[in-house]
Amino acid sequence: MKIRTLIGLIATTTLLASGPMALATEKVYIPMISKGFQHQFWQAVKAGADKAAAEFDIEITFEGPDNETMVDRQIDMLAAALAKKPTALGFAALDSQAAIPLLRQAKRAGIPVIAFDSGVESSIPLSTAATDNKAAAALAADKMAHHIGGKGQVAVVAHDQTSRTGIDRRDGFLERIKSKYPEIRVVSVQYGGGDQLKSTELTKAILTANPGLNGIFGTNEGSAVGVVNGVSEMGAKGVVIIGYDSGTAQKAAVRSGLMAGAITQNPVGIGYETVKAALLASQGKKVPTDIDTGFYYYDASNMDNPEIAAVLYD
Amino acid sequence: MNTLAQVKKPSLLSHIVATGTHQRLLAFASLILLLFGFSIASPNFMQTSNMIAILQATSVNGVLAVAATLVIITGGIDLSVGTLMTFCAVMAGVVLTYAGMPLPFGVLASICMGALAGLVSGSLVAKMKIPPFIATLGMMLILKGLSLVISDTRPIYFNDTEGFDLISRGSLIGEIFPSLPIPNGVLILFLVAIIASYILNRTLLGRYTFALGSNEEAVRLSGVNVDAWKMGIYALAGGICGIAGLLIASRLNSAQPALGLGYELEAIAAVVIGGTSLAGGRGTIMGTIIGALIMAVLINGLRVLSVAQEWQTIVTGVIIILAVYTDMMRKRKK
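Residues numbered from 1 in each chain as written. Chains lettered and ligands numbered in written order. Predicted model: local features only at pLDDT ≥ 70, side-chain atom pairs only at ≥ 80, totals over all residues.

This part is about the overall build of chain B. Each helix and strand counted, chain B has 13 helices and two strands in total. In terms of C-alpha radius of gyration, chain B reaches 20 Å, essentially the compact-globule figure of 20 Å for 334 residues. Projected onto its principal axes, the C-alpha coordinates of chain B cover approximately 55 × 50 × 40 Å. Within chain B, the fraction of its 334 residues that count as buried is 55%. Pairs at least 24 residues apart make up 77% of the contacts formed inside chain B by residues separated by at least 6 positions. (Helix = DSSP H or I, 4+ residues; strand = E, 2+ residues; numbered from the N terminus. Rg over C-alpha atoms; globule rule 2.2 N^0.38 Å. Buried ≥ 20, exposed ≤ 12 C-beta atoms within 10 Å, placed from the backbone. Contact = placed C-beta atoms within 7 Å.)

This is the structure in structure tokens:
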């Protein structure tokens, strides 16, 4: 009985799996190894990659570890992707150094690599499709200054102090405030790990310590939603909130006016441009070293414009 | 107190051999079937490089699973194996990168800190009578926090330690047989498995491990110092986690302080697929290794077949339940 169960299982697995393979052998195949999978941001990147795949009639797969600490799992995914002898590869490294041996292997096998979302510190990727996070955060600083009238106290709730995006968004904001708005003082920069609940608690602590606070910048979806929750739980009035990325909760906050506005990256564009660059590179065509996938500022007034609505995700 | 060991020995041993063989055969057959199935489904699966990738993916989880097996056989559970691994990797980083000491000190630091942390878990369980689930849950969080504090939440790189990357990535076998570049990490996994298997089946510590899991009270009543033996097992498991810490740090050429949560569950999954009973008193290292291989083959195979990631996790879950179910059915028939 047990043997039969096992055989049944194997057969199911095989059937389940061999379907897509039959198609895949004919087509150009580009695996995308991402930093994550289940967050809405990554699903939006995947949607962009799928769009490019449909447009150019190629096969893609999209995989990433359960969370952004699982560096070794990402390496295993990269190894499995290379075993499939892909035409080209899209890769968003959690830790560039750890991936170097496999990237070298890809290079030896003549598989072009395109980095996405954040750069890979290596000369192997031919191109990087990413948001200019520093410029985007500087725009957030401008919007903040505009809303609070160019003077007062602001705070930053950032997602972390180690990742490239965390550092760039924090510094982009702080540097712009320092260079352009001498009458605005940044009273606190705290890190909530992008966790909504933690960011909520942080925000409440910041508000308690600084009752005269005029504005808070949340540097990613979880941070921004946490800031909104913290401000409403404290019942604080007149605090301008600027967020980053989108998602259902953040979009609702912008629409209702709780949040003044937010920066959105173009995750769909990141996915699309990565696949496109990978395809071009595999055909031996030249691709630019940096592909700026762009960013927008949105608020209640423009979030329904087709151009903006297309890059916001739920 | 010797009488217990003598009286128990024949019945226990025959018990282990009988159940062990069956379960191992069943698990081994499923492994072969999986390999066979994936080979037919995809021409890219059965290549040397992919087989090596699978073995390499097994190495860390396999070593952790061996550690978890020892504790589970005593009727306990160790939820701290994943973060303890990270903690040991960070300690190796402190010794090698921060203090600039030579490689052997780093290896020693990692294994000793692992054993020490294991000893602490063991004392919490044995002396303070805290249930193993709670004691190791606490240790899991403490060790995670310590790793972050000690490393200042940043990865520690081993660029200055000559030969550190060879622990996991180098290949002794490959130097002898160039066509078979099996990484040292895999070699270390099998060495750890053989040694743990020897300890379990051929030493007094091993015999008491099974005895504790079967009937702790009987062992205690026969005058055995149960607490000391239990702490010994947790310390041994901790030391093995130290080896896993070295393997993962070497593979990533860095100690990643945030990593580790979730690894304990995968290790425990490998243990139960391999036929070790969570109730204690029964289990084999060989079974655990096969369990870890089954998980690695399954995940790799599904990836090579481009099965969507959502489905990969579902299939893994189904396999865990099926493996334990078939084991239970077999036992019930007896």
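It is worth spelling out the sheet that holds strand E3 (residues 89-91) of chain A at this point. The strands that make up a sheet pair up through hydrogen bonds in the backbone, lying either parallel or antiparallel. All names here are of chain A. Across the sheet, which stays open at both edges, the six strands sit in the order E2-E1-E3-E4-E5-E11 with parallel pairing between neighbours. Looking at the sheet topology across the chains shown, the edges are occupied by strand E2 (59-63) and strand E11 (290-292). On average, adjacent strands in this sheet sit at an angle of 20 degrees to one another, irrespective of strand direction. Pairing of strand E1 (residues 29-33) with E2 involves five bridges; the strand directions are parallel. Bridging across to E2, Pro31 finds its partner in Thr61. Each of E1 and E2 is contacted by helix H2 (residues 40-56), which is oriented at about 170 degrees to E2, the strand it contacts most. (Pairing = 2+ DSSP bridges. Axes fitted to C-alpha atoms, helices over the stretch in contact; angles between N-to-C directions.)

Even without a glycine there, the phi angle at Lys129(B) is positive, about 60 degrees. Following the sequence through the fold, Lys129(B) ends up in the loop between helix H4 (103-126) and helix H5 (132-151).

The next point concerns the interface of chain B and chain A. With 42 residues of chain B in contact, the opposing surface of chain A contributes 34 residues. For the side of chain B that touches chain A, the elements supplying multiple residues, two or more each, are helix H1 (2-41), helix H2 (48-73), helix H10 (226-252), helix H12 (285-304) and helix H13 (309-333) of chain B.

Along its 13 residues, helix H4 (residues 96-108) of chain A runs 18 Å from first to last C-alpha, staying within 8% of the 18 Å computed at 1.5 Å per residue. At Leu102(A), H4(A) is deflected by roughly 35 degrees, the largest bend along its length. Residues of H4(A) that are buried include every one of Ala98(A), Ala99(A), Leu102(A), Leu103(A) and Ala106(A), and no others. Looking at the buried side of H4(A), the elements it contacts are helix H3 (71-83), E3 and strand E4 (113-116) of chain A together with H10 and strand E2 (254-255) of chain B. Of the residues flanking the end of H4(A), it is Gly110(A), one or two places downstream, whose phi is positive at about 75 degrees. (Expected span 1.5 Å × (residues − 1). Bend = angle between axes of the 7 residues up to and from the residue.)

Quick look at the sheet that holds strand E10 (residues 261-265) of chain A now. All names here are of chain A. Judged by pairing direction, the sheet is mixed, and its six strands sit side by side in the order E7-E6-E8-E9-E10-E12 without closing on themselves. Bordering the open sheet on either side are strand E7 (184-191) and strand E12 (295-298), each of which pairs with just one other strand. Shown here is a sheet whose adjacent strand axes are inclined to one another by a mean of 15 degrees, direction ignored. Across four bridges, the pairing between E10 and E12 is antiparallel. Residue pairing in the sheet places Gln265 in a bridge with Phe295 of E12.

Further remarks concern the nonpolar core. Counting 161 residues, the largest nonpolar core has Val63(B), Leu64(B) and Ile240(B) as the members making the most contacts within it. With 42 residues, the next largest nonpolar core counts Val156(A), Ile184(A), Val231(A) and Ala260(A) among its residues. (Core = buried A, V, L, I, M, F, W, Y, C linked by C-beta atoms within 7 Å.)

Next up on the list: the domain arrangement of chain A. Residue and element names in this part refer to chain A. With domains assigned, chain A is organised as domain 1 (2-131 + 267-293) and domain 2 (133-265). Listed as interface residues are five residues of domain 1 and, on the opposing side, eight residues of domain 2. A class-by-class count of the residues in the side of domain 1 that touches domain 2 yields two nonpolar, three polar and no charged. (Domains from an automatic or database assignment. Nonpolar A, V, L, I, M, F, W, Y, C, P; charged D, E, K, R; others polar.)

Turning our attention to the packing of helix H8 (residues 184-202) of chain B against H12(B). Think of two packed helices as two axes; the pair is described by the angle between the axes and how far apart they sit. Residue and element names in this part refer to chain B. Contact geometry of H8 with H12 gives a least axis separation of 9 Å together with a crossing angle of 150 degrees. Classed by the angle they form, the pair H8 and H12 counts as roughly antiparallel. Of the residues in H12, those touching H8 at Ala193, Ala196, Ser197 and Leu200 are Ile285, Met286 and Ile289. Within the contact of H8 with H12, the residues separate by chemical class into six nonpolar, one polar and no charged. (Parallel < 35°, antiparallel > 145°, perpendicular 65-115°, else oblique.)

The next subject is H2(A). Between its first and last C-alpha, H2(A) extends 24 Å over 17 residues, near the 24 Å set by a 1.5 Å rise per residue. After H2(A) finishes, the residue Asp57(A) shows a positive phi value of roughly 55 degrees.

The subject of this paragraph is the pairing of strand E9 (residues 240-244) of chain A. Along a regular strand, successive side chains alternate from one face of the sheet to the other. Residues and elements named next belong to chain A. Counting buried residues in E9 gives five out of five residues, a clear majority hidden from the surface. Neither face of E9 is left uncovered, since the one carrying Val240, Ile242 and Tyr244 and the one carrying Ile241 and Gly243 both have all their residues buried. In this sheet, E9 lies alongside strand E8 (residues 215-218) in parallel orientation, the contact comprising three bridges. Looking at the pairing, Gly215 lines up with Val240 of E9. With helix H8 (residues 221-234) bridging E8 and its parallel neighbour E9, the resulting β-α-β unit is right-handed. Relative to E10, E9 runs parallel, the two sharing three bridges. Across the sheet, residue Ile242 finds its bridge partner in E10, namely Gly261. Handedness of the crossover is the feature at issue here: the chain leaves E9, passes through helix H9 (residues 248-256), returns alongside E10, and the resulting connection is right-handed. (Right-handed = clockwise from strand over helix to strand, strands pointing away.)

Residue and element names in this part refer to chain B. One can find Pro102 in the loop between helix H3 (81-98) and H4. According to the C-beta neighbour criterion, Pro102 is exposed, with 12 such atoms within 10 Å. For the pair Pro102 and Gly76, spaced 26 residues apart in the sequence, the C-alpha separation amounts to 37 Å.

Time to look at the pairing of E1(A). Residues and elements named next belong to chain A. In terms of burial, E1 is largely enclosed, as five of its five residues are buried. Residue alternation in E1 divides its side chains into two sets, Tyr29, Pro31 and Ile33 and Ile30 and Met32, and both sets are buried. Taken together, E1, H2 and E2 form a β-α-β motif whose crossover is right-handed. Bridge analysis of E1 against E3 gives two bridges, and the strand direction is parallel. In the strand pairing of E3, Met32 is matched with Gly90.

With that settled, the discussion passes to the packing of H2(B) against H3(B). Residue and element names in this part refer to chain B. With their axes 10 Å apart at the nearest point, H2 and H3 run at an angle of 125 degrees to one another. In terms of their interaxial angle, H2 and H3 are classed as oblique. Relative to H3, H2 is oriented so that their crossing is right-handed. Residues Leu64, Ala67 and Ala68 of H2 form the contact with H3, whose own contacting residues are Val81, Gly82 and Met85. Split into classes, the residues belonging to the contact of H2 with H3 amount to five nonpolar, one polar and no charged. (Left-handed = near helix turned anticlockwise from the far one by under 90°.)

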